[in-house]
Amino acid sequence: MYESWKPVLDAEFNEPYFKELAKFLHEAYEKKTIFPPKQQVFSAFTTDLNNVKVVIIGQDPYHGPGQAHGLAFSVRDGIQLPPSLQNIFKEIHAETGAPIPTSGNLQRWAEQGVLLLNNVLTVEAHLAGSHRSKGWETFTEHIISYLNEHCNHLVFLLWGRDARSKAALIDKAKHLVLESAHPSPLSAHNGFFGNNHFIKCNEQLENWGKTPIIW
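The biggest cluster of nonpolar side chains holds 61 residues, and the ones touching the most others in it are Trp 5, Val 54, Ile 56, Ile 88, Trp 109, Leu 147 and Trp 215. Looking at which element gives the most residues to this core, the answer is helix H2 (residues 16-31), with six residues. If near-sequence neighbours (up to four positions away) are discounted, Ile 88 is found in contact with Phe 73, Trp 109, Trp 159, Pro 183, Phe 192 and Phe 198.

Those residues of helix H1 (residues 6-13) lying buried are Val 8, Leu 9 and Glu 12. Down the axis of H1, the buried side of the element spans an arc of 90°, and every buried residue falls inside it. Of the surrounding elements, those touching the buried residues of H1 are H2 and helix H5 (136-150).

Here the focus is the packing of H2 against H5. Where H2 meets H5, the axes come as close as 9 Å, and the angle between the chain directions of the two elements is 130°. With respect to each other, H2 and H5 are oriented oblique. Judged by the twist between their axes, the crossing of H2 over H5 is left-handed. Every residue of H5 that contacts H2 at Tyr 17, Phe 18, Leu 21 and Leu 25 is listed here: Trp 136, Thr 138, Phe 139 and His 142. Per-class residue counts for the contact of H2 with H5 are six nonpolar, two polar and no charged.

What counts and what doesn't
- Residues numbered from 1 in each chain as written.
- Predicted model: local features only at pLDDT ≥ 70, side-chain atom pairs only at ≥ 80, totals over all residues.
- Heavy atoms only, no water.
- Core = buried A, V, L, I, M, F, W, Y, C linked by side-chain atoms within 4.5 Å.
- Buried < 20%, exposed > 50% of the residue type's maximum accessible area, 1.4 Å probe, protein only.
- Helix = DSSP H or I, 4+ residues; strand = E, 2+ residues; numbered from the N terminus.
- Contact = heavy atoms within 4.5 Å.
- Arc of directions from axis to C-beta.
- Axes fitted to C-alpha atoms, helices over the stretch in contact; angles between N-to-C directions.
- Parallel < 35°, antiparallel > 145°, perpendicular 65-115°, else oblique.
- Left-handed = near helix turned anticlockwise from the far one by under 90°.
- Nonpolar A, V, L, I, M, F, W, Y, C, P; charged D, E, K, R; others polar.

Right, dumping it as structure tokens:
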């Protein structure tokens, strides 16, 4: 966890809702297989708060073995690309001509100031959505509200219903909010493909005098 996040996260950890969530997670990790590994749950916050330029909101972590490592949409090196991530890379290729990577590890984005934050940060193995409504949604909303209030000129990429529900928390006079369908194969053809979010994001960053992201 990046030191710049510590005061923000400590404030959440002391809230009653988070103490209930922590109790639930302690029991879950003891008795079941939970992803990502405990030490990687907060990996999104290795992106320096003072360097955040782009926020991508995911749903919940991948629920297959060895996939999730705490960054939304990302998988570890050597893991087969999940369908949603394949579609993200296809859209980047269509927009920019960049070759489709062989690795789905998005740490390279995180290091450039892309906060890859899931709506729900943990999941039980093979049970998508199993940790919904346990408190994570409150946590994520508080983080987005903090970014909205204390940061200037961020780009929020909101793909799919879960992410788009967060749009109401964001001041569109301060930040750019780009919304579309989710990159999942079930919905990518309903507006994710062709959304040009990666080009629009970089154009706005440059307009604000910030370095664009190398997608």
